[in-house]
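So you can see what is in the structure, the chains are spelled out below.
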Amino acid sequence: MSSEISIEALLTRRKKGHSLEAPFYTSEEIFKLDMEIIFGRHWLHVGVEPDVAEPGDVMVVDIGKTSVIVMRDDDMELRAYHNVCRHRGARIILQEKTSVGNLVCSYHQWTYGQDGELLFAEHMGSDFDRKCRNLKKVHIRSVGGLIFICLAEEAPEDIDRMAAAIEPYILPHDLKNCKVAKTVDLIEKGNWKLTMENNRECYHCVSNHPELTIPLFEYGFGFAPDGTNPKRMEHAAKYDALVQSCHTSWEAAGFPSREVERLTDTTGFRAERLPLDGAGEAHTKDTRSASKKLLGSITERKLGALSFWTQPNSWNHFMSDHIVTFSVFPLGPDRNLLRTRWLVHKDAVEGVDYDLNRLTEVWEATNQQDADLVEISHNGALSPAYEPGPYSPYTEPLVEKFTEWYVGRMAEHLLGKQAPVGVAAE
Amino acid sequence: MSSEISIEALLTRRKKGHSLEAPFYTSEEIFKLDMEIIFGRHWLHVGVEPDVAEPGDVMVVDIGKTSVIVMRDDDMELRAYHNVCRHRGARIILQEKTSVGNLVCSYHQWTYGQDGELLFAEHMGSDFDRKCRNLKKVHIRSVGGLIFICLAEEAPEDIDRMAAAIEPYILPHDLKNCKVAKTVDLIEKGNWKLTMENNRECYHCVSNHPELTIPLFEYGFGFAPDGTNPKRMEHAAKYDALVQSCHTSWEAAGFPSREVERLTDTTGFRAERLPLDGAGEAHTKDTRSASKKLLGSITERKLGALSFWTQPNSWNHFMSDHIVTFSVFPLGPDRNLLRTRWLVHKDAVEGVDYDLNRLTEVWEATNQQDADLVEISHNGALSPAYEPGPYSPYTEPLVEKFTEWYVGRMAEHLLGKQAPVGVAAE
Amino acid sequence: MSSEISIEALLTRRKKGHSLEAPFYTSEEIFKLDMEIIFGRHWLHVGVEPDVAEPGDVMVVDIGKTSVIVMRDDDMELRAYHNVCRHRGARIILQEKTSVGNLVCSYHQWTYGQDGELLFAEHMGSDFDRKCRNLKKVHIRSVGGLIFICLAEEAPEDIDRMAAAIEPYILPHDLKNCKVAKTVDLIEKGNWKLTMENNRECYHCVSNHPELTIPLFEYGFGFAPDGTNPKRMEHAAKYDALVQSCHTSWEAAGFPSREVERLTDTTGFRAERLPLDGAGEAHTKDTRSASKKLLGSITERKLGALSFWTQPNSWNHFMSDHIVTFSVFPLGPDRNLLRTRWLVHKDAVEGVDYDLNRLTEVWEATNQQDADLVEISHNGALSPAYEPGPYSPYTEPLVEKFTEWYVGRMAEHLLGKQAPVGVAAE
Ligand code: FES
Ligand code: FES
Ligand code: FES
Ligand SMILES: [Fe+3]
Ligand SMILES: [Fe+3]
Ligand SMILES: [Fe+3]
């Protein structure tokens, strides 16, 4: 049975251009390694600065069994700590979001400052050394207002490269001066990698996303015509011309737009600003802006959508009027949580400047459609009859990039730095 | 702890005439072997031809994590395929029953013909070889209208012997011209073997099945008096005489009736037609037919009930007016699904020829009573205090046959062909 | 990962004065050992004699997967048997409480006498030896009306010492002539040891138990001032004087009161009678008796509360008018059942002599508060960031005694008799 094959062997024999072998999606053991290696040692997309807008604002983020306090201190700095009391281990912050002065454990009132220092612990006597009982820190970093954390002792340094490359794209959207209009949590009944693979292609869009394909062209997410259909070739060429012309005019107007693709970096990412169909303004059912107040100093509504993807767990869409961010949190080999946030200008007023339903309806529908696809994929992978199938080189090259990144990251930690992984498909 | 004893050792030391050691009922590991060996390499009873009566009719059957498409093609042939897309593994058919032309995967629309061939896969380029991406086949076989499938590469060949022996018994009931009047799924909270053991004896009937024992004599399912009770000896002798006389007259009328018992064959089975109490017509509360329309060309209502059992997972009752079939599908070491179907003549009209409640009430009540017994047996087997107890040689010989079959099948695959298994009880 | 460290190593390196390493709270494997060693070989507090007051009364107690029949026979003796039929292992008694003549298995009616002997088994033939199919016995023992059972072949003998030491404290409360006014089962979402640790200190009382701290002084459960707060020193000295004077007068009146502490014995226990605040009568919101009828021949309402703790799984409070008992039953590494019973004089009439809500409200609120603390502790222990923290030597010495007992008991069984366990904290 394949469950008896070691992960080392599975990594080594991974067939390039193909979906993974079943245990990568279904095994409890590999899930633990995913949490340890992928989610334990890489930068994770966990939220946005407006989640903790004010001094003392706290947001709790759970990465598997690791609970993290993300907070803004009174000096407006972002801080992150393990949500585990240094006395007898109780969780300190119990709500998902709250606002605090100090961090006080409810069990026996041990009290930590915003800098994580243990300020007060009653009944511990005069010999007790508070210094070695401070909260354990977690790396935290904002990239253009998107919050990333890393649970490892040493966080990957190439986040600097990502930040340098990507902030010019993001900053015009002025995320820090947005507000979260809505957050929705959706449980997807499949492995987190199936959720990511699903996100990395639009091969499935036409037949599964009636709402999303109003604004979205199916081209543009690694899509190229396979040469077998002349009509499609023509469409694709037309689309290509549109992209070129948009890029030229947007970049001239100060909005970096051309593809930057570093998906197989340790801190892998990709960005590109793409035109939208119809009025070309936003991911809405009528393709017009969802919010009247444009972001930052943007005055042009037809900015298309800047898509920014990060490995292992996010995608984000920046439009002229609103932003949608998606973070994936694994819950088990067969379940993950997709957290979606819609952001509008902080001064936009609900009911006046934007209608919440109009803002969110396209992605709420799309997310559920994708969750259903993830579930049927996961159920398929559970079958002993499942075997890896070929990704389309024309519509799924970025799925392969995700999978390649995953296999490479696992291999580096399990097999050593320069381990060759994967075999070419015959 | 017994969980540390190898299954090989447990098989070898199995005490004949006794229930199994606890791990056979409770261990996750042995459950996986059950699914691999018993349910993975034997013929399984999964339904009846009327489930897929028309061209294009599809029924999905889940054997553990293996999902199987059972369908009737446009040439009226039965077909079975693994319900796993050869692209990225999604389940193809999502409903339990439906009707289709081709088999189309909802994820990226790969399209398979009724013969399992991949007909269409967009965006795969001109190099792509569709031939090696057909649906994987599953063995399928109808025995007198009962559908059996086998998940193994090579299916046991002795199903031919079973078919030859049993079709003369079944065919007069003309199952193919029946319709499924009702299907009921019941989750039983116990190991599937406890459900089978429960079915293989009527020792428990008198005190647990007030409805069933109206038509059913407790004798006749491997029951023999133990010689300690003269009154019971007398009853049993009387019953024996009744059976003899029924067999003689039924067989003269063209209804094979005498016991055929091959329970320890690879494709193990047993059949016998037995008289019923009261009016002697059917498993109903008043022992009269449930449906006015008799099956096939049957004109005699008092045909008793032909019981046909198969290893590992079914029992079936054929009466002059209706048929009841039972398939057991394991869901985990501690849960199984019992699927019961009631069939009547396809021209019988509900409310006119039969009343659905009258048709089903005896077995609906009986199934629930048995499910309760299975649950308390399973809970008992979980206790460290449980140890195998003796089957009654007078009322449980066919339970022993089931257990012997199970142990023998497991041993053949785990210990090799002629491995002796089991030790005589001291 | 710590889950790969052997329990032997974890026991050996246990840091004294600190909470346990995470696997002791979270590992499935250690939970199984807890059930085998701690709950399988020690005396467990499972109920009170009034639970089975009358001849034939039966109570079923589940210790993990082991189901035990606790009953009173017609000679008024307490009996305990494994609730597993010796035929095919079915559970015999299905209700939590009932009353029986013989013990009859519902599956095939095997019938056992109150002495556990198999009296009747039909269809087993004349060769069948009933003698070797009696119910398996479980040790049972009443200590002052509290029922203890032990699942081991050989039960620890030092229960005699506990009984001798403790019955003088308990007997004046005449538990046998009480009735159970209410039993409440509460599922706590944490390891059973976290529930016990929570119970063994009152460091958390002031900030978590607004109801309980009306009658209860926070001192008195291993509490001593740490010398850093002069006002607290004064309070503690005052409390100490109160305890001394109460002890003197109560003992003179025939109520043993001074602390007896043998928490690290095999059958570990501790008892002390302590004064209550306010009117000093009972654990009620107004600190007055909950029941008008005092227990036994008690005439003095202000008897404070006698707390009697046993390892591994109980605490009990005896007051002049009522008794509250608590038994902890593990359900899994992350769940346990807390069963609380409130007892009053058997002649007390609800609505006349006592109000049920007044009787139970303090502990119902307190239990829920403690369950919440147990849950946040368990969630903390699940985090990879958790590490054992220091118990306060001033408020948590009895938590350390519990943990020391646990580690010692596990070590004796896993490492051998005199194994040294634990290392001093640096
Ligand atoms: S566990 Fe946090 S203060 Fe005790
Ligand atoms: S998974 Fe079936 S078409 Fe892609
Ligand atoms: S299992 Fe108890 S009588 Fe058969
Ligand atoms: Fe999608
Ligand atoms: Fe039955
Ligand atoms: Fe408490």
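Residues numbered from 1 in each chain as written. Chains lettered and ligands numbered in written order. Predicted model: local features only at pLDDT ≥ 70, side-chain atom pairs only at ≥ 80, totals over all residues. Heavy atoms only, no water.

An unreviewed UniProt entry annotates chain A as Aromatic ring-hydroxylating dioxygenase subunit alpha originating from Azospirillum oryzae. According to UniProt, the comment filed for chain A under the heading Cofactor (unreviewed entry) is "Fe cation". (UniProt positions renumbered as here; feature names shortened; annotations may be inferred.)

Draft legend 1. Inspection of the pattern of salt bridges at higher detail. As enumerated under the stated definition, the model contains 93 salt bridges over all chains in all. Residue D185(A) pairs with R339(A) through a salt bridge whose shortest N-O separation is 2.8 Å. With D185(A) in strand β11 (residues 178-188) and R339(A) in strand β17 (residues 335-345), this pair connects stretches of sequence that are 154 residues apart. Here D185(A) falls in the partly exposed class, since its relative accessible area comes to 37%. Through salt bridges with shared partners, one network takes in R88(A), E197(C), E201(C) and E396(C). (Salt bridge = Lys/Arg side-chain N within 4 Å of Asp/Glu carboxyl O. Helix = DSSP H or I, 4+ residues; strand = E, 2+ residues; numbered from the N terminus. Buried < 20%, exposed > 50% of the residue type's maximum accessible area, 1.4 Å probe, protein only.)

Draft legend 2. Region of the structure containing the coordination of the iron ion (ligand 6). Residue and element names in this part refer to chain C. Taken together, the protein ligands of the iron ion (ligand 6) are H204 (NE2), H209 (NE2), D370 (OD) and D370 (OD), with distances of 2.1 to 2.4 Å. In this structure, the iron ion (ligand 6) is coordinated by four donor atoms arranged in irregular fashion, with angles at the metal of 58 to 146 degrees. Read in sequence order, the donor residues coordinating the iron ion (ligand 6) give the pattern H-x4-H-x160-D. Of this pair, H204 sits in the loop between α5 (192-199) and α6 (205-208) while D370 sits in helix α8 (residues 356-382), and the two are 166 residues apart along the sequence. Given the relative accessible area of 10%, D370 is considered buried. (Donors = N, O, S within 2.8 Å, 3.2 Å for Na, K, Ca; no water. Tetrahedral: all angles 85-135°; square planar, octahedral: opposite > 155°, others 65-115°.)

Draft legend 3. Quick look at the coordination of the iron ion (ligand 5). Residues and elements named next belong to chain B. Taken together, H204 (NE2), H209 (NE2), D370 (OD) and D370 (OD) make up the full set of protein donors to the iron ion (ligand 5), lying 2.1 to 2.4 Å away. One can describe the site at the iron ion (ligand 5) as irregular: its four donor atoms subtend angles covering 57 to 145 degrees at the metal. Read in sequence order, the donor residues for the iron ion (ligand 5) give the motif H-x4-H-x160-D.

Draft legend 4. Highlighting the sheet that holds strand β4 (residues 78-82) of chain A. Residues and elements named next belong to chain A. Read from one edge to the other, the open sheet built from four strands follows the order β4-β3-β2-β5, with strand pairing classed as antiparallel. Strands with a single pairing partner mark the edges of an open sheet, and in this sheet they are β4 and β5 (97-99). Strand after strand, the sheet turns through a mean of 25 degrees between neighbouring axes, direction not considered. With three bridges joining them, strand β2 (residues 57-63) and β5 adopt antiparallel strand pairing. Within β5, the residue paired with D57 across the bridge is S99. (Pairing = 2+ DSSP bridges. Axes fitted to C-alpha atoms, helices over the stretch in contact; angles between N-to-C directions.)

Draft legend 5. Summary view of the relation of the copies chain C and chain B. Structural alignment of chain C on chain B gives an RMSD of 0.1 Å, achieved by rotating through 120 degrees and translating 0.1 Å along the axis. The superposition of one copy onto the other is thereby described by a three-fold rotation axis. Considering only C-alpha atoms, the part of chain C nearest the rotation axis is E28(C), at 8.1 Å. (Least-squares fit on C-alpha atoms with pLDDT ≥ 70 in both.)

Draft legend 6. The arrangement of the interface of chain C and chain B in detail. Taken together, the 27 residues of chain C in the interface contact 35 residues of chain B. Contact between chain C and chain B buries roughly 2,600 Å² in total, counting both sides, with carbon and sulfur atoms accounting for 55%. Taken together, the links from chain C to chain B amount to six salt bridges. Where chain C touches chain B, the interface holds 20 residue pairs in polar contact (both at pLDDT 80 or more). (Contact = heavy atoms within 4.5 Å. Buried area = accessible area lost by both parts, 1.4 Å probe. Polar contact = N/O pair within 3.5 Å; in protein donor to acceptor, adjacent residues only side chain to side chain.)

Draft legend 7. Geometry of helix α3 (residues 28-41) of chain B. All names here are of chain B. For α3, with 14 residues, the first-to-last C-alpha span of 19 Å sits near the 20 Å given by 1.5 Å per residue. Along its length, α3 reaches its greatest deviation from straightness, about 30 degrees, at D34. I30, F31, L33, D34, M35, I37, I38, F39 and G40 are the residues of α3 that are buried. Between the side-chain oxygen at the start of α3 and the backbone nitrogen of E29 there is a gap of 3.1 Å, and the oxygen is on S27. (Expected span 1.5 Å × (residues − 1). Bend = angle between axes of the 7 residues up to and from the residue.)

Draft legend 8. Seen up close, the nonpolar core. Residues I63(C), I149(C) and Y406(C) are the most contacted members of the largest nonpolar core, which totals 83 residues. In terms of residue count, the dominant contributor to this core is helix α9 (residues 397-415) of chain C (eight residues). Residues from two domains meet in this core; each of domain 1 (43-155) and domain 2 (160-399) of chain C gives at least three. Once residues within four sequence positions are removed from consideration, I63(C) is found in contact with M35(C), F39(C), L44(C), V46(C), I149(C), L151(C) and F329(C). If you look at the next biggest cluster of nonpolar residues, it comprises 81 residues, including L20(B), I38(B), A236(B) and W315(B). (Core = buried A, V, L, I, M, F, W, Y, C linked by side-chain atoms within 4.5 Å. Domains from an automatic or database assignment.)

Draft legend 9. Spatial organisation of the UniProt feature "domain: Rieske" (unreviewed entry) in chain A. The UniProt feature table records "domain: Rieske" (unreviewed entry) at residues 45-149 of chain A. Between the end C-alpha atoms of residues 45-149 of chain A there is a gap of 7 Å, over a span that is 0% helix and 40% strand.

Draft legend 10. Structural context of the domain arrangement of chain A. All names here are of chain A. Here chain A is described as being made up of domain 1 (43-155) and domain 2 (160-399). Between the C-alpha centres of domain 1 and domain 2 there is a distance of 31 Å. In this assembly, 22 residues from domain 1 lie in contact with 30 residues from domain 2. Roughly 1,800 Å² is buried in total at the junction of domain 1 and domain 2, and carbon and sulfur atoms are behind 61% of that figure. If you sort the residues of domain 1 by the area they bury against domain 2, H45, P50 and G144 come out on top, with a joint share of 30%. Our count for the domain 1 to domain 2 interface comes out at four salt bridges. The interface formed by domain 1 and domain 2 contains seven residue pairs in polar contact (both at pLDDT 80 or more). Mapped by element, the contributors of at least two residues to the side of domain 1 that touches domain 2 are β1 (44-48), β2, β9 (139-143) and β10 (146-150).

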